[in-house]
Amino acid sequence: MKSKKVNLAVLVSGSGSNLVALIDAVKSGVIADGQISLVVSNKEDVYALQRAENAGVKAISIKRSGFSSDEEFDKKLVEKLREYKIELVLLAGYMRILTAPVLEAYRDRILNIHPSLLPEFGGLGMYGMRVHEAVIKAGVPVSGCTVHIVNEHVDGGPILAQAEVSILPGDTPASLAAKILREEHRLYPSTVQKFITGFDI
Ligand code: GRF
């Protein structure tokens, strides 16, 4: 147990079920060495923001339309992350590709969860139900989820942990997504805790 908790930010764009799993993990002590200090959404009116508010976690939205470029948007994001003294950024269904300002400010301090066994079924355009559709179409027997460090390569950063799920006859993209999501909710918090155990703060 650390003397000071690591300040976490969670970046979201949608439903926020992984956000809830992370919030619950902080409460239950699965994430013993971290606290969620900020939730950032790039969209207003998403369920994730409501869920953050319900849990009493500070949540803001920053819309891309207010900025002249992706880089300018990400500079604003970094400004907010610094304002809240964020030390580790967790992407949880965040639907934007990060650009240099944030990647450089938080080098090796940004994690993501992806709903496949990377490097399979990852990369540009592989998100949401598209991933599970491609997996079912490929006829592979196993899929799962991956927690990785975020770098310039979309879904290509160093892998920290994976969980596998069997694909059974009759599985559809939707049933597979649901099974994997349950694993995500377990894998992401435990991996975050392991990762921050190694922090020197
Ligand atoms: C998850 O499947 C995650 O792997 C992917 O986006 C989805 C987010 O779901 N990156 P939720 O918003 O956490 O419910």
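Computed from a predicted structure; not experimentally measured. (Residues numbered from 1 in each chain as written. Predicted model: local features only at pLDDT ≥ 70, side-chain atom pairs only at ≥ 80, totals over all residues. Heavy atoms only, no water.)

Peer 1: Would you mind going over the sheet that holds strand S7 (residues 159-166) with me for this structure?
Peer 2: The strands that make up a sheet are held in pairs by hydrogen bonds between backbone atoms, and each pair lies either parallel or antiparallel. Within the open sheet, the seven strands sit side by side as S3-S2-S1-S4-S5-S6-S7. Their pairing is mixed. With one partner strand each, in any of the chains shown, strand S3 (59-61) and S7 form the two edges of the open sheet. On average, adjacent strands in this sheet sit at an angle of 20° to one another, irrespective of strand direction. Direction of pairing for strand S5 (residues 110-114) relative to strand S6 (residues 142-149): antiparallel, over a ladder of four bridges. In the strand pairing of S6, His 114 is matched with Thr 146. Those strands touched by helix H1 (residues 17-28) are strand S1 (6-12), strand S2 (34-41), strand S4 (88-91) and S5, and its axis lies near 160° from that of S2. (Pairing = 2+ DSSP bridges. Helix = DSSP H or I, 4+ residues; strand = E, 2+ residues; numbered from the N terminus. Axes fitted to C-alpha atoms, helices over the stretch in contact; angles between N-to-C directions. Contact = heavy atoms within 4.5 Å.)

Peer 1: Sorry, what's going on with the layout of surface pockets here?
Peer 2: Which parts of space are left empty comes out when a probe the size of a water molecule is rolled across the atoms. In this structure, the largest pocket encloses a volume near 920 Å³. Lining of the largest pocket is provided by 37 residues; of these, Gly 93, Tyr 94, Met 95, Tyr 127 and Gly 128 occupy positions nearest its centre. Breaking the lining of the largest pocket down by element, the ones donating at least two residues are H1, S5, helix H5 (129-138) and helix H6 (173-197). The greatest single-element share of the lining of the largest pocket, amounting to four residues, is contributed by H6. Considering only residue class, the lining of the largest pocket consists of 17 nonpolar, 16 polar and four charged. (1 Å grid on protein atoms, 1.4 Å probe; cavity = no way out; pocket = protein on both sides within 12 Å on 5 of 7 lines; lining within 4 Å. Points joined across faces, edges and corners; volume = space filled by probe spheres on them. Nonpolar A, V, L, I, M, F, W, Y, C, P; charged D, E, K, R; others polar.)

Peer 1: Is there a simple way to explain H5 in this structure?
Peer 2: Each α-helix turn comprises 3.6 residues. Residues three or four places apart therefore point the same way. Along H5, the residues classified as buried are Val 131, His 132 and Val 135. Projected down its long axis, H5 shows its buried positions confined to an angular sector of 90°, all on one face. Structurally, H5 contributes buried residues whose contacts are with S5, S6 and H6. Where H5 ends, the next residue or the one after it, Gly 139, has phi of about 70°, a positive value. (Buried < 20%, exposed > 50% of the residue type's maximum accessible area, 1.4 Å probe, protein only. Arc of directions from axis to C-beta.)

Peer 1: It is not clear to me how the environment of Lys 58 should be interpreted in this structure. Could you clarify?
Peer 2: Mapping Lys 58 onto the fold places it in the loop between helix H2 (47-54) and S3. Classification of Lys 58 by relative accessible area gives partly exposed; the value is 42%. Spatially, the C-alpha atoms of Lys 58 and Ile 36 are 8.5 Å apart, while their sequence positions differ by 22 residues.

Peer 1: Just checking my understanding: could you explain the packing of aromatic side chains for this structure?
Peer 2: The description of an aromatic ring pair uses the distance of the two centres, along with the angle that the planes make with each other. One pass over the structure, following the stated rule, counts one aromatic pair. Between the aromatic rings of Phe 67 and Phe 73, the centroid separation amounts to 5.7 Å while the plane-to-plane angle is 85°, which identifies the pairing as edge-to-face. Owing to a relative accessible area of 25%, Phe 67 belongs among the partly exposed residues under this scheme. Above the plane of the ring of Phe 73 lies Arg 96, whose end atom (NZ or CZ) is 4.5 Å from the centre. (Phe/Tyr/Trp six-rings, centres within 6.5 Å; stacked < 30°, edge-to-face > 60°. Lys NZ or Arg CZ within 6 Å of the ring centre and 35° of its normal.)

Peer 1: Help me understand the nonpolar core in this model?
Peer 2: If you look at the biggest cluster of nonpolar residues, it comprises 39 residues, and the most contacted ones within it are Val 10, Leu 88, Leu 90, Tyr 188 and Val 192. If one sorts the elements of this core by residue count, H6 sits on top with seven residues. Discounting chain neighbours no more than four positions away, the residues touching Leu 88 are Val 6, Asn 7, Leu 8, Ala 9, Arg 109, Ile 110, Leu 111, Val 192, Phe 195, Ile 196 and Phe 199. In this structure, Leu 11, Val 40, Ile 62 and Tyr 106 belong to the second largest nonpolar core, which totals 20 residues. (Core = buried A, V, L, I, M, F, W, Y, C linked by side-chain atoms within 4.5 Å.)

Keep in mind these values describe shape, not function.
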